[in-house]
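Coordinates in review
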Amino acid sequence: MKYLKLIRWPNLVIIALVQYLIRYFIIESLNVPHYLTDIWFAVGVLCSISLAAGGYVINDIFDKPNDDHNKPNRVLVGKSISENTAWGIYVSFNIIAFISGYLLAQHIEMPGLWMLPVVAAALLYLYSIDLKKRAILGNILVSILTALPVFLVAIYDILPAANADNADLIKPIFYVIIAYAVFAFYTNFIREIIKDAEDLEGDTAQGFKTLAVLLGRDYIRYVIVILILVLLVFTGYFNGYLFYSDIYSSIYILLFINLPIVYAIYKVIVAKKKQDFKQVSTLMKLIMLTGILSMVVFTLSLTIGSSL
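What comes next is a walk through the structure. For clarity, every value in this text was computed on a predicted model and none was experimentally measured.

With that out of the way, let us pick up the overall build of the protein chain. When you go through the protein chain residue by residue, the secondary structure sums to 13 helices and 0 strands. Starting at the N terminus, the α and β elements of the protein chain follow one another as α-α-α-α-α-α-α-α-α-α-α-α-α. Taking 2.2 N^0.38 as the reference for a compact globule, 308 residues should give roughly 19 Å; the C-alpha atoms of the protein chain span a radius of gyration of 20 Å, in line with that estimate. Taking the principal axes of the C-alpha coordinates as reference, the protein chain spans close to 60 × 45 × 30 Å. Counting only residues that meet the buried cut, the protein chain has 48% of its 308 residues in that class.

In structure tokens form, the structure reads like this:
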């Protein structure tokens, strides 16, 4: 279990789940032309989860002093797992990611894409050793990398199948997937700011210059509230847009996305201590997950509506 905890296995399951949901509930359910067979799609998923696992490991290796302060009971590297072992696991996952990424790039006849996992791994390494200590930059980078698995499905599976004959069918679906990637990016960006507020004491002690450290816990709450309000404006607008054309999806968005967002705003306003921000961070993670799961509701609603 300690090794599964090190690579954050629930998060890896979520990454794989999201990619397969896009594959089966958007691409295949709507008969969108795509390029990858099931086996090759699994290779792409393996690349994504290997990159993420390596990122979690390298972050734990370099973040040990901070974790000793912020979450001493959850530290693995240097306690139950030696640092040398952690480095070995990190290198192994990156090798898997590089090989699978290279094979996939060759298969779709876009050989230049073999660099994508290499660049992603390098950015994760840079984040762990430096960028996470800085305001905004680290938050943006890790949020981009969080949204990357959603975006990769469009790049590796749909784009190679695109041609002049099917462009009208592929283009709107491509944009839908990009919209989910943007949603994943923005919700995770908010969560990263909240996590910085949660880890304020440890980050301050380690000399980090995160936005929460620069503003303090009282003022960072205002920033978080504004960021969540922006999210609510867009999800609320989308909910209203769907109300007359897709009532089932509209109800889903209201109950499982918009209302939790409103509750998150309330929790941030009343938050005063570390544990309060931890609860909001968990809530934002759930909002991101329910937002991604909305593709299942959209597809089922569209399928049912077309059959009536």
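Now, onward.
Residue placement: S100 occurs in helix 5 (residues 83-107). A relative accessible area of 5% places S100 in the buried class. For S100, the residues in contact, after removing those within four places along its chain, are V43, L46 and C47.

Turning next to the pattern of salt bridges. With the rule as written, the count across this model stands at 9 salt bridges. A salt bridge links R8 to D60, with the shortest nitrogen-to-oxygen separation between them at 2.8 Å. Here R8 is found in the loop between helix 1 (2-6) and helix 2 (9-28), whereas its partner D60 is found in helix 3 (residues 38-62), with 52 residues between them in sequence. With relative accessibility at 9%, the residue D60 sits in the buried group. Of the charged contacts in the structure, one is a salt bridge between K195 and E192, with a shortest N-O distance of 3.5 Å. Placement of both K195 and E192 in helix 8 (residues 167-198) is noted, with a separation of 3 residues, approximately one turn of the helix. What makes K195 partly exposed here is its relative accessible area of 28%.

The next thing to look at is the packing of helix 6 (residues 115-129) against helix 7 (residues 137-158). Here helix 6 crosses helix 7 at 165°, and the two axes come no closer than 10 Å. Between helix 6 and helix 7, the interaxial angle falls into the category roughly antiparallel. The two elements helix 6 and helix 7 meet at a crossing, and its hand is left-handed. Between helix 6 and helix 7, the residues in contact are L116, A120, L123, L124 and Y127 and G138, L141, V142, L145, L148, L152 and Y156, respectively.

Evaluation of the coordinates by the stated rule reveals 10 aromatic pairs. For the ring pair F185 and F189, a centre distance of 6.3 Å and an interplane angle of 15° mean the geometry is stacked. Of this pair, F185 and F189 both sit in helix 8, 4 residues apart, roughly one helical turn. Judged by its relative accessible area of 10%, F189 falls in the buried class.

As a further point, take the environment of I265. With respect to the secondary-structure elements, I265 resides in helix 12 (residues 247-270). Spatially, the C-alpha atoms of I265 and L232 are 9.6 Å apart, while their sequence positions differ by 33 residues. Among all residues touching I265, those that are not within four sequence positions of it are V225, I228, L229 and L232.

Reading the values: rules and limits
Residues numbered from 1 in each chain as written. Predicted model: local features only at pLDDT ≥ 70, side-chain atom pairs only at ≥ 80, totals over all residues. Heavy atoms only, no water. Helix = DSSP H or I, 4+ residues; strand = E, 2+ residues; numbered from the N terminus. Rg over C-alpha atoms; globule rule 2.2 N^0.38 Å. Buried < 20%, exposed > 50% of the residue type's maximum accessible area, 1.4 Å probe, protein only. Contact = heavy atoms within 4.5 Å. Salt bridge = Lys/Arg side-chain N within 4 Å of Asp/Glu carboxyl O. Axes fitted to C-alpha atoms, helices over the stretch in contact; angles between N-to-C directions. Parallel < 35°, antiparallel > 145°, perpendicular 65-115°, else oblique. Left-handed = near helix turned anticlockwise from the far one by under 90°. Phe/Tyr/Trp six-rings, centres within 6.5 Å; stacked < 30°, edge-to-face > 60°.

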